[in-house]
Amino acid sequence: MAEVTAAMVKELRERTQAGMMDCKKALVSSNGDMEAAVEYLREKGLAAANKKSGRVAAEGAVESYIHMGGKIGVLVEINCETDFVANTDAFKELCHNVAMHIAAAAPEFVSKDEIPAEKLEEERRIAREQVMNDEKNSKKPAQIIEKIVDGRIEKYCKEICLLDQPYVKDPDITIQTLLHESTLKTGEKVTIRRFVRYKLGEGIEKKQSDLAAEIAEMTAKKA
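Please read these numbers as outputs of a predicted model, since none were measured by experiment. (Residues numbered from 1 in each chain as written. Predicted model: local features only at pLDDT ≥ 70, side-chain atom pairs only at ≥ 80, totals over all residues. Heavy atoms only, no water.)

Could you give an account of the nonpolar core, with specific residues and numbers?
With 26 residues, the main nonpolar core has Val76, Ile78, Phe91, Leu94, Val98 and Ile192 as its most contacted residues. Every element with two or more residues in this core is listed here: strand 2 (72-80), helix 4 (83-86), helix 5 (89-105), helix 8 (175-186) and strand 5 (191-199). Residue contributions to this core peak at seven residues, all from helix 5. Other than its neighbours up to four places away in sequence, Leu94 contacts Ile78, Leu178, Leu179, Ser182 and Val190. (Core = buried A, V, L, I, M, F, W, Y, C linked by side-chain atoms within 4.5 Å. Buried < 20%, exposed > 50% of the residue type's maximum accessible area, 1.4 Å probe, protein only. Helix = DSSP H or I, 4+ residues; strand = E, 2+ residues; numbered from the N terminus. Contact = heavy atoms within 4.5 Å.)

As structure tokens, then:
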């Protein structure tokens, strides 16, 4: 068995913010493998965070983030249980990072529960047509086709739902995992309630300029 040194325990604690004894236990359990120890603590943290899921989180902050010189803007409300935690640097950093992630990843909903049923049904219809029009699926039974469609819908939901997206600063974890880790560190339930993302000019039909036509028109006026 690999030796677990104080330096290894210190490094793991700095990376995960877990307790010293928990870090040592994780390293012993993973035979000194640092990455495996991190995963061990994450799994342990997720279990601990789940125990807090029923608590009420009504405090927190509304964070703003502006990107690309004002071309993309985000407002996100992240909740915790007390003002004390809401005012900590760690919570403020979390809010900033989530807002920055939203600006970069452009989610449409916080979670799958928010997706309108009609939108899901339309995506399912499109996915089914695509699958059935693919020649390699022509001889597959209906139940297999539906499983393929289910897989595509699951992938679609993960792409547009904030909690299921890979975190832009650490793609090995999702935003949901990031929240669970914050819950473990703070000892309080941490949730994302809502967000809005603005992109400059989004939804506006821009005028398409035709340079040749403009020059011809100017020339005709001068003639």
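Lay out the sheet that holds strand 5 with the relevant residues and their values.
In spatial order, the strands read 1-2-5; together these three strands make up an open sheet with antiparallel pairing. Each edge of the open sheet is held by one strand with a lone partner, namely strand 1 (59-67) and strand 5. Taking each pair of neighbouring strands and ignoring which way they run, the sheet shows an average axis angle of 10 degrees. In the sheet, strand 2 pairs with strand 5 via eight bridges, with the strands oriented antiparallel. (Pairing = 2+ DSSP bridges. Axes fitted to C-alpha atoms, helices over the stretch in contact; angles between N-to-C directions.)

Summarise the packing of helix 6 (residues 117-132) against helix 7 (residues 142-160); cite the residues concerned and give the values.
Where helix 6 meets helix 7, the axes come as close as 9 Å, and the angle between the chain directions of the two elements is 130 degrees. Put simply, helix 6 runs oblique to helix 7. Remark: the crossing between helix 6 and helix 7 carries right-handed chirality. Within the contact between the two elements, helix 6 uses Lys119, Leu120, Glu123, Arg124, Ala127, Arg128, Gln130, Val131 and Met132 and helix 7 uses Ile145, Glu146, Ile148, Val149, Asp150, Arg152, Ile153, Tyr156, Cys157 and Ile160. (Parallel < 35°, antiparallel > 145°, perpendicular 65-115°, else oblique. Left-handed = near helix turned anticlockwise from the far one by under 90°.)

So, helix 7: which residues are in play, and what are the values?
Between the first and last C-alpha of helix 7 there are 27 Å, a value that for 19 residues agrees with the 27 Å anticipated at 1.5 Å per step. Ile145, Val149, Ile153, Tyr156, Cys157 and Ile160 are the residues of helix 7 that are buried. Taken down its axis, helix 7 places every buried residue within 110 degrees of arc, on the same side. For helix 7, the exposed residues lying more than 90 degrees away from the buried face are Gln143, Lys147 and Lys155. Next to the buried residues of helix 7 lie helix 6. (Expected span 1.5 Å × (residues − 1). Arc of directions from axis to C-beta.)

Break down the pattern of salt bridges for me, citing the residues and quoting the values.
This model, assessed by the stated rule, comprises ten salt bridges. With a shortest N-O distance of 3.5 Å, Arg193 and Glu77 are connected by a salt bridge. Within this pair, whereas Arg193 is found in strand 5, its partner Glu77 is found in strand 2, the two being separated by 116 residues in sequence. Residue class for Arg193 comes out partly exposed when judged on its relative accessible area of 47%. A salt bridge links Glu122 to Arg125; the shortest N-O distance between them is 2.5 Å. Residue Glu122 and its partner Arg125 are located together in helix 6, separated by three residues, close to a single helical turn. Given the relative accessible area of 35%, Arg125 is considered partly exposed. (Salt bridge = Lys/Arg side-chain N within 4 Å of Asp/Glu carboxyl O.)

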